[in-house]
Amino acid sequence: MSCSLRPVGRAQRAPLERLTAAAGLFRPDEVATAVELLDDSLSGDDDYRFLGAYDRDALVGYACWGPTPGTQGTYDLYWIVVDPAWQGKGVGTALLRAVEEQLTTDDGRLIVVETSSRADYTATRAFYERRGYAAAARLPGYYAPGDDLVIYLKDLTHGVLAGATA
Ligand SMILES: CC(C)(COP(=O)(O)OP(=O)(O)OC[C@H]1O[C@@H](n2cnc3c(N)ncnc32)[C@H](O)[C@@H]1OP(=O)(O)O)[C@@H](O)C(=O)NCCC(=O)NCCS
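Predicted model only: the values in this text are computed from it and were never measured.

Trainee: Would you explain the overall build of the protein in this entry?
Mentor: A count of helices and strands for the protein gives four helices and seven strands. Shown N-terminal to C-terminal, the secondary structure of the protein runs as helices and strands in the order β-α-α-β-β-β-α-β-α-β-β. Taken over C-alpha atoms, the radius of gyration comes to 16 Å for the protein, in line with the 15 Å a tight globule of 166 residues would show. Taken over the C-alpha atoms alone, the protein extends approximately 45 × 40 × 30 Å along its principal axes. Sorting the 166 residues of the protein into buried and exposed places 42% on the buried side. Within the protein, counting contacts between residues at least 6 apart in sequence, those at least 24 apart form 58% of the total. In the form shown here, the protein has an accessible surface area of approximately 8900 Å², with 51% of it arising from carbon and sulfur atoms. With 16 positive and 23 negative side-chain charges, the protein shows a separation of 7 Å between the mean positions of the two kinds.

Structure below.
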């Protein structure tokens with residue numbers, strides 16, 4: 001992997017929209033939501049933070065995260081997407097690691113990731129599981145009949161969850 005990690009600026013709005021759509025997993029309204037979160041972030045909303053992965057000047061992936069309202073030190077990873085042409089080359093891992101390092105600096109305790117139980121998310125779930133994210137809860141039929149919400153947690157403090165019930 002020969003890409004660099006930098007903030008996502010206004011110039012990346014259209015590329016971010018394109019690569020989110022190109023991932024092939026997200027509905028048009030979900031793609032629009034990702035762009036709206038970038039707009040919020042660019043206008044100073046600290047609830048949504050973005051980090052981009054670049055091949056020279058081209059955006060090839062990004063992560064979006066923010067503090068979970070009403071919690072202390074819990075953060076949601078809202079989006080992590082890598083251009084299909086760049087998947088499987090370590091970009092997603094580099095983004096995830098950078099987010100985790102940033103959250104550790106920001107006194108983050110827990111990272112929450114919501115994803116789908118659908119078969120086309122099997123590789124995505126494996127990606128999280130192999131990077132220390134544990135499936136902590138499942139809401140049957142949440143997204144659609146037969147499409148459950150699977151909530152993953154990673155404990156950045158290595159121990160806070162000991163004794164917790166899922
Ligand atoms: C999930 C995703 C962010 C991972 O990024 P990536 O750059 O492909 O991942 P890396 O190259 O760092 O790591 C590869 C690992 O991810 C897994 N993976 C998940 N989806 C993959 C894909 N489409 N292609 C290749 N590897 C994929 C591989 O099985 C591999 O696992 P392993 O290293 O534990 O054996 C990326 O594949 C992607 O954007 N997928 C579509 C969008 C998505 O599902 N986003 C998350 C939900 S919001």
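Trainee: For this particular structure, what's the right way to read the nonpolar core?
Mentor: The tendency in soluble globular proteins is for nonpolar side chains to be buried as a group. Trp65, Leu77, Val91 and Leu95 are the most contacted members of the largest nonpolar core, which totals 24 residues. At the level of secondary structure, the elements contributing two or more residues to this core comprise β2 (49–55), β3 (58–67), β4 (74–82), α3 (91–105), β5 (110–116) and β7 (147–155). When near neighbours in sequence (up to four residues on either side) are disregarded, Trp65 contacts Asp47, Tyr48, Arg49, Phe50, Leu51, Tyr75, Asp76, Leu77, Tyr78, Val99, Gln102 and Leu103.

Trainee: Could you clarify how one ought to interpret the layout of surface pockets in this entry?
Mentor: To locate leftover empty space, one rolls a probe as large as a water molecule over the atoms. Each pocket or cavity is described by its volume, and for the largest pocket that value is around 1100 Å³. In terms of lining residues, the largest pocket is bounded by 38 residues, among which Phe26, Ile80, Tyr121, Thr124 and Tyr128 are the most central. For the lining of the largest pocket, the secondary structure elements donating two or more residues are α2 (28–42), β4, α3, β5, α4 (122–129) and β6 (134–144). If one sorts the elements of the lining of the largest pocket by residue count, β4 sits on top with seven residues. Residues that form the lining of the largest pocket fall into these classes: 21 nonpolar, nine polar and eight charged.

Trainee: Could you clarify how one ought to interpret the pairing of β7 in this entry?
Mentor: Strand residues, when the strand is regular, have side chains that alternate between the two faces of the sheet. Summarising burial for β7: nine of the nine residues are buried, a large majority. Examined bridge by bridge, β5 and β7 share seven bridges and lie antiparallel to one another. When the bridges of β7 are listed, Ser116 appears paired with Leu149. Sheet topology note: the β6/β7 ladder contains six bridges and is antiparallel. Within the sheet, the bridge partner assigned to Ala134 lies in β7 and is Leu153. Between β6 and β7, which pair antiparallel one after the other, the connecting turn spans two residues, and Gly146 there sits at a positive phi close to 80°.

Rules used throughout
- Residues numbered from 1 in each chain as written.
- Predicted model: local features only at pLDDT ≥ 70, side-chain atom pairs only at ≥ 80, totals over all residues.
- Heavy atoms only, no water.
- Helix = DSSP H or I, 4+ residues; strand = E, 2+ residues; numbered from the N terminus.
- Rg over C-alpha atoms; globule rule 2.2 N^0.38 Å.
- Buried < 20%, exposed > 50% of the residue type's maximum accessible area, 1.4 Å probe, protein only.
- Contact = heavy atoms within 4.5 Å.
- Areas by Shrake-Rupley, 256 points an atom, 1.4 Å probe, with all protein chains shown as cover.
- Lys, Arg positive; Asp, Glu negative; His and termini not counted.
- Charge placed at Lys NZ, Arg CZ, Asp CG, Glu CD.
- Core = buried A, V, L, I, M, F, W, Y, C linked by side-chain atoms within 4.5 Å.
- 1 Å grid on protein atoms, 1.4 Å probe; cavity = no way out; pocket = protein on both sides within 12 Å on 5 of 7 lines; lining within 4 Å.
- Points joined across faces, edges and corners; volume = space filled by probe spheres on them.
- Nonpolar A, V, L, I, M, F, W, Y, C, P; charged D, E, K, R; others polar.
- Pairing = 2+ DSSP bridges.

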